[in-house]
Amino acid sequence: MHSRREFLVACSVAPIAAAAAPLNSFDDQVRRILAGMTLDEKLGQMAQPDQEFLKSPDDVKNYFLGSLLSGGDSDPRAGNGLAAWTDMIDGYQKTAIGTRLQIPILYGIDAVHGHNNVIGATIFPHNIGLGATRNAVLVERAARITSEEVRATGANWVFAPCVTVPQDIRWGRTYEGFSESPDVVKVLGEAAVRGLQRESLENPLAVLVCVKHFVGDGGTAWGLSKPKMLDQGDTRVDEATLRRVHLPGYETTVKAGAGTIMPSYSSWNGEKVSGSEKLMTGILKNELAFQGFLISDYAAIDQLPGNYKQQITRSINAGMDMVMIPGKYIEFITTLKQCAQDGSVPMARIDDALTRILRTKFAMGLMDAKRSPLADRSLHNSFGSEGHRAVARECVRASLVVLKNENQALPLAKNAAHIHVAGKSADDLGNQCGGWTIRWQGASGRPTDGTTVLEAVQRAVAPKTRVSSSIDGAGVGDAKVAIAVIGEKPYAEGMGDRADLHLAPEDVATVARLKSSGAKVIAVILSGRPVFIEDVLAQADAVVAAWLPGSEGDGVADVLFGKYRPTGKLSFTWPKASSTTLHRGDTGYETLFEFGWGLSY
Ligand code: GLC
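Before going into details, it helps to say that this report is about the structure given with it. (Residues numbered from 1 in each chain as written. Predicted model: local features only at pLDDT ≥ 70, side-chain atom pairs only at ≥ 80, totals over all residues. Heavy atoms only, no water.)

**Describing the site of the ligand**
Note the threshold: Only heavy atoms are used to decide nearness, and a residue is near a molecule or strand if one of them lies within 4 Å of it. Two N or O atoms count as a polar contact when they lie within 3.5 Å, although within protein this holds only if one can serve as hydrogen donor and the other as acceptor, and sequence-adjacent residues are included solely when both atoms are side-chain atoms. Computed with the Shrake-Rupley method and a 1.4 Å probe, the accessible areas treat only the protein chains shown as cover for residues. Following the grouping adopted for this structure description, the nonpolar residues are Ala, Val, Leu, Ile, Met, Phe, Trp, Tyr, Cys and Pro, the charged ones are Asp, Glu, Lys and Arg, and the polar ones are all others, Gly among them.
In the region of the ligand, 14 residues are neighbours, and Asp 110, Arg 173, Lys 212, His 213 and Asp 297 sit closest. Between the ligand and Asp 110, the relevant distance is 2.5 Å, taken from an oxygen atom to a side-chain nitrogen or oxygen of the residue. Starting from 310 Å² of accessible surface for the ligand in isolation, the protein chains cover 96%. In the shell around the ligand, the residues fall into seven nonpolar, two polar and five charged.

Structure, rendered in structure tokens:
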């Protein structure tokens, strides 16, 4: 656990959210529409296919679908741009309101650090960076901009915030977590819900949130997962630990009115969460009085024991309300209908799921015939705007953590004669943004619009200052200052599970070459987690953890040149390479920098 001082450092004061109408205040209206629905119309509301797997767009009305998603890489067929996304989502929405009951769809997408699937969107730091800001007000502002850019495309549901509390940084989803500390996660998760859902879901700029992944997704034990080593694995802790470490983010976000929650792929002591009545109904719906609905993870119920009918029966009866079915939506609906007709899934359970789903649609104003569910295209004017990017830049500045600063290395002088910028990530926007950026796994290079660290340095220095650059550190020449931008290449989910967190040899070589030139060396680490930095720590005069800052590299230059005095504090303990385990709290974990560490000028 962390000290009270650390906790006080942990989070700035957050404004109290105005109380939105409780979801069950819409139940009279829900009951009226529910009474007139056919079984097929009800079951369609519980199905969420991925749009890319629809056999025909008309299946939205043929099967009375209540929701669609774009999972990772599920782009419009017309290409990836603001207009193509908007036309695609509006197209599905128009089909949905062409049905007898004209119930609009919820269109879900992983806007986890901005509207990150769409080229041109403002890309914010991933949560690990926002956690280092400890600034709930800033997190809420970032979320408000994200909701506006999501709405610009006609989407109205985001699979965020992730309130995971990662306990082992070898996990490829560490960066989706604000912190290893539930005290930080619960405050920033709540701030994200306030920003995304606004003061009321009726606000046309609000989006429905999906707090994920319930519960204990970040506590899995190494080697108990298949096919990866941690992701979707088994969290083996007693109930007191599960509640103390992994539940707080749900307590605060449910209180803040979160509309949906996503049960985790992972298991708790051998039982898949997606089939656990104790967790989904006992704790969430009964104890925490969650009034919204549960959406499964992507084909997560397929991981439950038994055949498909048994998986569906088990998950729905345990409390799952809507199922994310990438492709087999016809089989799902057909099988669920069998369950309803043979009583293996009671109609009362189906009507409860429908009540929860329709509550959110009423709360969002989607059932108001006077309101159009289509995109507000006037928001295209502010999509990826300078104003939005300025807020992202503030987030970047506040997220950087100065781990080391000796020989007055930082802040840098703007009017130095010559500065050299090196490293594989110096001019690589893809590495800067990380996973969940345009591509599910992210991609090195320039996948979207933004400013790299090199471009930011070029813009920050005085006109007469020469800025040279290289990948490998060659060509420093007479530069007295050299910046190495190094770290991890993009990954997402289990693809990022990694036992060896050493820096790549190319990164170590780059820093060594800069050091041998006699210049002062500043190492900027772009990574989704703490990585082993002993190979460069002695060589560098200063080391800055910049996490995955997103599209606004200017925020990095603001700290390097002292335009912003660094305030970032580690939200994850930084381990030594000599650690024999990286699972927090286990014997053998050796600390290099403590939770809460961060230097300033
Ligand atoms: C993914 C992730 C989840 C995401 C969902 C939809 O597998 O586990 O975080 O929201 O599928 O893309």
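Having seen it, we continue.
**Details of the packing of aromatic side chains**
To keep things clear, this is the line we draw: Only the six-membered ring of Trp is used, alongside the rings of Phe and Tyr, when aromatic pairs are assigned; centres must lie within 6.5 Å, and planes under 30 degrees apart are stacked while those over 60 apart are edge-to-face, with the rest tilted. Helix numbers and strand numbers start at the N terminus; a helix is a DSSP run of H or I with at least 4 residues, a strand a run of E with at least 2. Each residue is assigned to one of three classes by its accessible area relative to the maximum for its type, calculated with a 1.4 Å probe on protein chains only: buried under 20%, partly exposed between the two thresholds, exposed over 50%.
Inspection of the entire model under this criterion finds eight aromatic pairs. With a centroid separation of 6.0 Å and 85° between ring planes, the pair formed by Tyr 63 and Tyr 329 is classed as edge-to-face. Placement of Tyr 63 in the loop between α4 (59-62) and β2 (67-70) and of Tyr 329 in helix α13 (residues 329-342) is noted, with a sequence separation of 266 residues between them. The class of Tyr 329 is buried, set by a relative accessible area of 0%.

**Topic: the nonpolar core**
As a reminder, the rule being used: Take the buried residues of types Ala, Val, Leu, Ile, Met, Phe, Trp, Tyr and Cys, join any two whose side-chain atoms come within 4.5 Å, and each joined set is a nonpolar core. As used throughout, domain bounds are those supplied by an automatic or database domain assignment.
Phe 214 and Ile 533 are the most contacted members of the largest nonpolar core, which totals 155 residues. Structurally, this core is a two-domain feature, drawing no fewer than three residues from each of domain 1 (41-381) and domain 2 (400-593). Ranked by size, the runner-up nonpolar core spans 31 residues in total, among them Ala 409, Leu 410, Val 485 and Ala 557.

**A look at unusual backbone geometry**
Of the consecutive residues Ala 160 and Pro 161, the connecting peptide bond is found in the cis state with omega at 0°. Here Pro 161 shows up in the loop between β4 (157-158) and α8 (182-197). A positive phi angle, close to 55°, is found at Gln 102, a residue other than glycine. Inspection of the secondary structure puts Gln 102 in the loop between α5 (82-96) and β3 (106-109). Even without being a glycine, Ala 299 presents a positive backbone phi close to 60°. Judged by relative accessible area, which is 22%, Ala 299 ranks as partly exposed.

Read these as geometric descriptors, not functional statements.
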